[in-house]
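The residues making up each chain are set out below.
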Amino acid sequence: MTESLTVRDNRTGQEYDVPITDGTIRAADLGKIKTDDETPGLAVYDPGFVNTASCRSSVTYIDGDKGILEYRGYPIEQLAEHSSFLEVAYLLIHGHLPSEEEHDAWVHEITYHTFVHENVKTFMQGFRYDAHPMGMLMASTGALSTFYPESRDISDEQNRHMQMVRMIAKMPTLGAWAFRHAQGKPYVYPDNDLSYTGNFLSMLFKMSESKFEADPRLVKALDTLFILHADHEQNCSTNAVRSVGSSQVDPYSAVAAGVGALYGPLHGGANEAVLRMLKRIGSKENIPAFIEGVKAGNERLMGFGHRVYKNFDPRATIIKKACDDVFEVTGVNPLLEIAKELEKIALEDEYFVKRKLYPNVDFYSGLIYEAFQFPPEMFTVLFAIGRTPGWLAQWSELVTDKEQKIARPKQIYTGDRTLQFTPASQRWA
Ligand SMILES: CC(C)(COP(=O)(O)OP(=O)(O)OC[C@H]1O[C@@H](n2cnc3c(N)ncnc32)[C@H](O)[C@@H]1OP(=O)(O)O)[C@@H](O)C(=O)NCCC(=O)NCCS
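Since the structure is predicted, the reported quantities are computational estimates derived from the model, not experimental observations. (Residues numbered from 1 in each chain as written. Predicted model: local features only at pLDDT ≥ 70, side-chain atom pairs only at ≥ 80, totals over all residues. Heavy atoms only, no water.)

Asks: Could you give me a rundown of the overall build of the protein, with the residues and numbers involved?
Replies: Counting secondary structure elements, the protein contains 19 helices and five strands. Computed over its C-alpha atoms, the radius of gyration of the protein comes to 24 Å, within 12% of the 22 Å expected for a compact globule of 429 residues. Taking the principal axes of the C-alpha coordinates as reference, the protein spans close to 75 × 70 × 60 Å. Expressed as a percentage of the 429 residues in the protein, the buried residues total 47%. Once local pairs closer than 6 in sequence are excluded, the contacts in the protein between residues at least 24 apart make up 71%. Surface summary for the protein: the accessible area is close to 22300 Å², and the carbon and sulfur share equals 52%. Placing the 44 positive and 57 negative side-chain charges of the protein at their respective mean positions leaves the two points 6 Å apart. (Helix = DSSP H or I, 4+ residues; strand = E, 2+ residues; numbered from the N terminus. Rg over C-alpha atoms; globule rule 2.2 N^0.38 Å. Buried < 20%, exposed > 50% of the residue type's maximum accessible area, 1.4 Å probe, protein only. Contact = heavy atoms within 4.5 Å. Areas by Shrake-Rupley, 256 points an atom, 1.4 Å probe, with all protein chains shown as cover. Lys, Arg positive; Asp, Glu negative; His and termini not counted. Charge placed at Lys NZ, Arg CZ, Asp CG, Glu CD.)

Asks: Any details on the UniProt feature "active site" (unreviewed entry) in the protein? Residues and values, ideally.
Replies: The feature "active site" (unreviewed entry), as annotated in UniProt, sits at H306 and D362 in this numbering. In sequence the annotated residues extend across 57 residues, while in space they remain close, none of their C-alpha pairs exceeding 10.3 Å. Structurally, H306 can be placed in the loop between α13 (287-295) and α14 (314-330). For H306, a relative accessible area of 21% puts it in the partly exposed group. In this view, H306 contacts H232, D313, R315 and N360; residues no more than four positions away in its chain are not counted. Separated by 2.9 Å, the side chain of H306 and the backbone nitrogen of V308 make a polar contact. Tracing the backbone shows D362 in helix α17 (residues 362-371). (UniProt positions renumbered as here; feature names shortened; annotations may be inferred. Polar contact = N/O pair within 3.5 Å; in protein donor to acceptor, adjacent residues only side chain to side chain.)

Asks: Could you give an account of helix α12 (residues 270-281), with specific residues and numbers?
Replies: With twelve residues, α12 extends 17 Å from end C-alpha to end C-alpha; this agrees with the ideal 16 Å at 1.5 Å per step. Among the residues of α12, those classed as buried are A270, N271, A273, V274, L275, M277, L278 and I281. Residues of α12 that are buried make contact with α13, α15 (334-348), α17 and α18 (376-399). Residue G282 follows α12 closely and has a positive phi angle near 80 degrees. (Expected span 1.5 Å × (residues − 1).)

Asks: Tell me about the pairing of strand β2 (residues 14-19), residues and numbers included.
Replies: In terms of strand pairing, strand β1 (residues 4-9) meets β2 through six bridges, oriented antiparallel. Each residue of the ladder has a partner; that of D9, found in β2, is Q14. (Pairing = 2+ DSSP bridges.)

Asks: Which residues make up α18, and what are the values?
Replies: The first and last C-alpha atoms of α18 sit 35 Å apart over 24 residues, in line with the 34 Å expected at 1.5 Å per residue. The largest bend in α18 comes to about 45 degrees, at R387, with the proline P389 one to four residues further on. With 21 of its 24 residues buried, α18 lies for the most part within the structure. (Bend = angle between axes of the 7 residues up to and from the residue.)

Asks: An account of the site of the ligand is requested, with residue identities and associated values reported.
Replies: Close contacts around the ligand come from 16 residues, with R300, L301, G303, F304 and N360 the closest. Contact distances for the ligand include 2.9 Å between an oxygen atom and a side-chain N or O atom of R300. In this structure, an oxygen atom belonging to the ligand sits 3.1 Å away from a side-chain N or O atom of K310. When the ligand sits alone it has 870 Å² of accessible area, and the protein chains cover 64% of it. Of the residues assigned to the shell around the ligand, the class counts are seven nonpolar, four polar and five charged. (Near = heavy atom within 4 Å. Nonpolar A, V, L, I, M, F, W, Y, C, P; charged D, E, K, R; others polar.)

Asks: Could you give an account of the environment of E150, with specific residues and numbers?
Replies: Position of E150 relative to the elements: it lies in the loop between α6 (133-147) and α7 (157-183). Judged by relative accessible area, which is 37%, E150 ranks as partly exposed. The sequence separation of E150 and Q163 amounts to 13 residues, and the corresponding C-alpha distance is 9.2 Å. With residues up to four places along the chain from it excluded, the contact list for E150 reads N159, Q163 and R166.

Asks: Report on the sheet that holds strand β4 (residues 68-71), specifying residues and quantitative values.
Replies: An order of β3-β4-β5 is seen for the three strands of this open sheet, with the pairing classed as antiparallel. Bordering the open sheet on either side are β3 (60-63) and β5 (74-75), each of which pairs with just one other strand. In the sheet, β3 pairs with β4 via four bridges, with the strands oriented antiparallel. Counted as the bridge partner of T60 is Y71 from β4.

Asks: Mind laying out the environment of F312, listing which residues take part and the relevant values?
Replies: With respect to the helices and strands, the residue F312 is situated in the loop between α13 and α14. F312 sits 45 residues away from L357 along the chain, and the two C-alpha atoms are 8.1 Å apart. Not counting chain neighbours up to four residues away, the residues in contact with F312 comprise K66, G67, T317 and Y358.

Asks: For the packing of aromatic side chains, give the residues involved together with the corresponding values.
Replies: As enumerated under the stated definition, the model contains 19 aromatic pairs in all. Taking the centre distance of 5.8 Å and the plane angle of 25 degrees together, the rings of F372 and F374 count as stacked. An identical accessibility class is assigned to F372 and F374; each is buried. Members of the aromatic cluster, joined through ring pairs, are F179, F205, Y369, F372, F374 and F379. Over the face of the ring belonging to Y351 we find R355, whose NZ or CZ atom lies 3.8 Å from the ring centre. (Phe/Tyr/Trp six-rings, centres within 6.5 Å; stacked < 30°, edge-to-face > 60°. Lys NZ or Arg CZ within 6 Å of the ring centre and 35° of its normal.)

Below, the structure written as structure tokens:
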């Protein structure tokens, strides 16, 4: 039996059968509900798309109530523990795990595309000394489209593949150079002998030594953080990539839009806010008073709560473990003690239990990034590097989806109409 919804329009008394597929109705079917042929059909008003599916996707599955996150059907916990970021990138983009041959070819391709054109370097050097690294990343990602004009031919599969490889490969180079720029240090070229994440750390921190090899525990921890951030279905930046990509622009421009969306404090900036909060609390003795302030509604406990995850954020559990690994190398950040105590108290407090507020991915990630000596402005750049394969997997799905159209929402017009224009010479006379 086909599922359907019967809608009665009380304005006309007419009834409509609207088919239900996969728990959704088609907005276009509501458009058939009209009072007469002259007026537009019924539409849905949904600021922020809180209850609107914009696409069919087989990339990422989330069940917020159960704390499930899966990439292409594989649980995030298993990928974080046993896979690598590049293997996960392959999985997200191709939809299946690579064979050994496919994996080696993929890693080779990405490794050999980490260099950027020298003019990209000159372009980045043109930024002011205190430019925000996310602004630099957004601009330089978009600028890549001018270096690869063939990227506009998005109908060619081979061509799409090449641009995706380039983008995953070059993002760490652009991110590291944005970091070095703020420090007034020379940009470091990629080292193709190193792993993806090892090379990124080398481009960030290499000084006069002939080779920079980070502690493998740090490389592993950062690689895991990249895996945890690699995709999160239709969030704000992914929606930006899809929306801009729906105009059939090249993928560099679409991903630059994603970087722009991530730049915003409501999306990529929460871990920085956690760090500021922990510093302000200062010591364990101040926690009870802080919690009372949160419960009184004076402020929020940053890094707690999530729009989707209502029992736990599976990424938070993995990050907590990565925290221990990182601090084994760098020494414990004194803020960790405050964070752990805060978490313990909050998880037992009725206010947080009742509202299903649990630590999210950002509660611990800021602490890890600080242990790496990243300034807070860099946190979102790290997020962007991790999210790039997700954005590209979603973009690739979009451009091959026959049902997709240029993104063009409706509006409810609230302004004036049919005013008569009087020229300025008469209005100001
Ligand atoms: C993530 C977040 C925006 C989700 O918001 P949401 O799903 O819209 O939840 P709501 O804002 O409707 O909150 C529901 C209730 O929990 C409370 N609440 C939510 N997050 C809270 C927090 N971090 N600290 C204290 N109270 C919180 C709200 O005050 C509200 O209480 P009420 O029912 O008494 O009014 C929100 O939890 C938040 O601001 N968290 C802190 C910022 C953060 O860590 N963001 C990163 C997300 S990855």
